[in-house]
Amino acid sequence: MAALSTLILLLCAAKDVMPSSPHWKPTWPSYRVPVILPQSTLNLDRPQFDAEARLEVVSPCGPACHKSSPLPTYEEVKNYLSYETLYANGSLTETEVGIYILSNDGDGSRGRARTKRQIYGYDSRFSIFGKDFLLNYPFSTSVKLSTGCTGTLVAEKHVLTAAHCIHDGKSYVKGAQKLRVGFLKPKQKDGSKGSNITNSAMPEKMKFQWIRVKRTHVPKGWIKGNANDIGMDYDYALLELKKPHKRKFMKIGVSPPARHLPGGRIHFSGYDNDRPGNLVYRFCDVKDETYDLLYQQCDAQPGASGSGVYVRMWKRQNHKWERKIIGIFSGHQWVDMNGTPQDFNVAVRITPLKYAQICYWIKGNYLDCREG
């Protein structure tokens, strides 16, 4: 238990605190990130791929429910952060992990039935048109999964998305074995000649170019939790592509407290299914938070799940502004707010432990994952 207490205290500590100066600018804090390393890997039976892809997740456990839950034990945390790896040939492995702390020298009640609507009042989403925007950062980091969700480029060959886009908590979804990632690009000109008509005022038509996924990592916290009180905290997955995508990507970062976010706001772009073929951008205020989740009312529709939630803050070490992914848009929850049910969209926060895990999946070397 002492090890767990030390772990929790260390993970909650950031090296930098928010200054009170009126000239202060929102700055990325420097976190003490633990180390997560594989301990053992064993082969599992090939999955059946018989689950239906779900484009949204529903959970009745709101902020009060999560905040009142007991802290997991050290062994439980290790179990949640162990993971399955699905390969393109259909083989499956399970990896147990160890968690190490290095010094600087080294039950919710059942919610109401949910309608399809996830729009709060006036629809504040913006469809992004034209290759000058779609092919430029940060919008160019948003990609579409062949299962219908959204993902975000976080490295030369890696895409971060929601676990429920790949696995329903019991089985891998249909299409997960032949999973592809789609990149928007301009359609080729049809080459028609003899026409004096120009459509310069019309947005250029785009199409998806697809790249196959080589392997997928899903944390056991999602597989064991199945979107209940624990599962939604681990609704994230990392995809490794078969070849580099050659686009600028967005780095991941540890999620600061909501009060430290610029304007208290988050941003994300996704392929909402009510606007087929369009990339949709939105931003909104964070309404509440737990250690693992951000509660907000950004307008969203199924299909946006898996979008990378990001903010732009000052990077003191590099003396420049930098956007980082601090969470993954997951789904929605009915929350009892003083006896009145209220609807929130939910994003999974990248905590120091999750940062260490995802970073190791990407880089394969914990020494490259010490600063969040």
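As the structure is a computational prediction, the values presented were derived from the model and not from experiment.

Draft legend 1. Spotlight on the packing of aromatic side chains. The full count for this structure, using the stated rule, is twelve aromatic pairs. Where Phe49 meets Tyr172, the ring centres are 6.3 Å apart and the plane angle is 50°; that geometry is what we call tilted. Look at Phe49 and you get buried, because its relative accessible area is 14%. Taking 5.0 Å as the distance between ring centres and 20° as the angle between the ring planes, the aromatic pair formed by Phe268 and Phe329 counts as stacked. Of this pair, Phe268 sits in strand 12 (residues 265-270) while Phe329 sits in strand 16 (residues 320-337), and the two are 61 residues apart along the sequence.

Draft legend 2. Quick look at the environment of Val159. Position of Val159 among the secondary structure elements: in strand 8 (residues 158-161). Here Val159 is in contact with Val143, Gly151, Thr152, Leu153, Val154, Val181, Ala237, Leu238, Leu239 and Leu241, once residues within four sequence places are set aside.

Draft legend 3. A look at the nonpolar core. Among the nonpolar cores identified, the biggest contains 71 residues, and Leu81, Leu160, Ile166, Tyr172 and Ile252 are the most heavily contacted of them. In terms of residues, this core owes the most to one element, helix 6 (residues 352-363), which gives seven residues. Ignoring any residue separated from it by four or fewer positions in sequence, one finds Leu160 in contact with Gly151, Thr152, Val154, Ala237, Leu238, Ile252, Gly306, Ile325, Ile328, Ile350 and Ile358. If you look at the next biggest cluster of nonpolar residues, it comprises 17 residues, including Val286, Val309, Met313 and Ile326.

Draft legend 4. A look at the confidence of the model for the protein. Averaged over the protein, the pLDDT score is 81; the fraction of residues at 70 or greater is 76%. For residues 16-20, every residue scores under 50 in pLDDT, and the model assigns this stretch eight contacts once sequence neighbours within four places are set aside. The low-confidence segment residues 192-202, where pLDDT is below 50, has zero contacts with residues more than four positions distant or belonging to other chains.

Draft legend 5. Spotlight on the side chain of Thr147. The topology assignment puts Thr147 in the loop between strand 6 (142-145) and strand 7 (150-153). A polar side-chain atom of Thr147 sits 3.2 Å from the main-chain carbonyl oxygen of Cys165.

Draft legend 6. Fine view of a positive patch on the surface. A cluster of like positive charges, contributed by Lys178, Arg180, Arg212 and Lys242, occupies part of the molecular surface. Its location among the elements puts Arg212 in strand 10 (residues 206-219).

Draft legend 7. Molecular detail of the pairing of strand 9 (residues 180-186). Along strand 9, five of the seven residues are buried, which leaves the element largely enclosed by surrounding structure. Here strand 6 pairs with strand 9 via two bridges, running antiparallel. Among the inter-strand pairings, Leu145 is bridged to a residue of strand 9, identified as Val181. Where strand 9 lies against strand 10, seven bridges are found, and the strand directions are antiparallel. In the sheet register, Lys185 faces strand 10, and the bridge partner there is Lys207.

Draft legend 8. Structural detail: the environment of Lys320. Looking at where Lys320 falls in the secondary structure, it is placed in strand 16. According to the relative accessible area criterion, Lys320 is partly exposed, its value standing at 43%. Look past the residues within four positions of Lys320 in its chain and what remains in contact with it is Met313, Trp314 and Lys315.

Draft legend 9. Focus on the pattern of salt bridges. The full count for this structure, using the stated rule, is twelve salt bridges. Lys67 serves as the salt-bridge partner of Asp288, at 3.2 Å between the closest nitrogen and oxygen. Exposure remark for Lys67: the relative accessible area of 53% places this residue in the exposed category. A salt bridge links Arg265 to Asp285; the shortest N-O distance between them is 3.4 Å. Of the two residues, Arg265 sits in strand 12 while Asp285 sits in strand 13 (residues 279-289), which places them 20 residues apart along the sequence. In this structure, a network of salt bridges that share partners links the residues Glu84, Glu94 and Lys220.

Draft legend 10. Main features of unusual backbone geometry. Omega for the bond connecting Tyr137 with Pro138 falls within 30 degrees of zero, at 5°, which places this linkage in the cis form. Looking at the secondary structure, you find Pro138 in the loop between helix 4 (131-134) and strand 6. Residue Lys246 is not a glycine yet carries a positive backbone phi of 65°. With respect to the element layout, Lys246 can be found in the loop between strand 11 (237-241) and strand 12. Although it is not a glycine, His319 adopts a positive phi angle of roughly 55°.

Basis of the calculations
- Residues numbered from 1 in each chain as written.
- Predicted model: local features only at pLDDT ≥ 70, side-chain atom pairs only at ≥ 80, totals over all residues.
- Heavy atoms only, no water.
- Phe/Tyr/Trp six-rings, centres within 6.5 Å; stacked < 30°, edge-to-face > 60°.
- Buried < 20%, exposed > 50% of the residue type's maximum accessible area, 1.4 Å probe, protein only.
- Helix = DSSP H or I, 4+ residues; strand = E, 2+ residues; numbered from the N terminus.
- Contact = heavy atoms within 4.5 Å.
- Core = buried A, V, L, I, M, F, W, Y, C linked by side-chain atoms within 4.5 Å.
- pLDDT = per-residue confidence, 0-100.
- Polar contact = N/O pair within 3.5 Å; in protein donor to acceptor, adjacent residues only side chain to side chain.
- Patch = residues over 30% accessible without salt bridge, like charges linked within 9 Å, V, L, I, M, F, W, Y side chains within 5 Å.
- Areas by Shrake-Rupley, 256 points an atom, 1.4 Å probe, with all protein chains shown as cover.
- Salt bridge = Lys/Arg side-chain N within 4 Å of Asp/Glu carboxyl O.
- Lys, Arg positive; Asp, Glu negative; His and termini not counted.
- Charge placed at Lys NZ, Arg CZ, Asp CG, Glu CD.
- Pairing = 2+ DSSP bridges.

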